Amino acid sequence: MNPNLIVIKKWHFRFFSERKTTRENFKLWVNTTYILALLFIGFLGIYYVWTLNVNATKWYNIRNLELLKNNLTVEKELLEVKISELESLSSLMKWEWIHNMEKLWNAQFLVVKDMKWYAFNY
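Residues numbered from 1 in each chain as written. Predicted model: local features only at pLDDT ≥ 70, side-chain atom pairs only at ≥ 80, totals over all residues. Heavy atoms only, no water.

A. Structural detail: the packing of aromatic side chains. Evaluation of the coordinates by the stated rule reveals one aromatic pair. Aromatic pair Y47 and W50: ring centres 6.0 Å apart, planes at 35°, arrangement tilted. Of the two residues, Y47 and W50 both sit in helix α2 (residues 18-87), three residues apart, roughly one turn of that helix. Residue classification places Y47 among the partly exposed residues on the basis of a relative accessible area of 45%. (Phe/Tyr/Trp six-rings, centres within 6.5 Å; stacked < 30°, edge-to-face > 60°. Helix = DSSP H or I, 4+ residues; strand = E, 2+ residues; numbered from the N terminus. Buried < 20%, exposed > 50% of the residue type's maximum accessible area, 1.4 Å probe, protein only.)

B. Fine view of the confidence of the model for the protein chain. Summarising the model, the protein chain shows a mean pLDDT of 79, and 75% of its residues fall at 70 or more. For the protein chain, helix α1 (residues 3-10) is the element with the lowest average pLDDT, namely 54, and α2 is the one with the highest, namely 88. (pLDDT = per-residue confidence, 0-100.)

C. Here's a closer look at a nonpolar patch on the surface. A surface patch of nonpolar side chains, amounting to about 550 Å² of accessible area, comprises Y34, I35, L36, L38 and L39. Within the secondary structure, L36 sits in helix α2. Here L36 falls in the exposed class, since its relative accessible area comes to 52%. (Patch = residues over 30% accessible without salt bridge, like charges linked within 9 Å, V, L, I, M, F, W, Y side chains within 5 Å. Areas by Shrake-Rupley, 256 points an atom, 1.4 Å probe, with all protein chains shown as cover. Salt bridge = Lys/Arg side-chain N within 4 Å of Asp/Glu carboxyl O.)

Here you go:
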């Protein structure tokens, strides 16, 4: 009698070849690796989209701050122009009290020099 037929009749297989078990384990290992690789690629895709979103939000805030800075710089320059106009000689000459001032003849000027600069140049 054939021993394989006896095994089939008993519904119990005692003989498994080592090659067959290795092949089944290898198939399971390849499937697991494939699934893990797909999950990892999906995770990297989600992380990439999230990083782009964070950077876009930051750049939007930076852009708004730069626009505000440019507007404030223009306002500052306009105020400096206004101040220089008010301090100019022509605007001072338009004031009435300037004509009541005494004229200056033979003006002498006092010049103050930095003594520290001269102390090192002896």
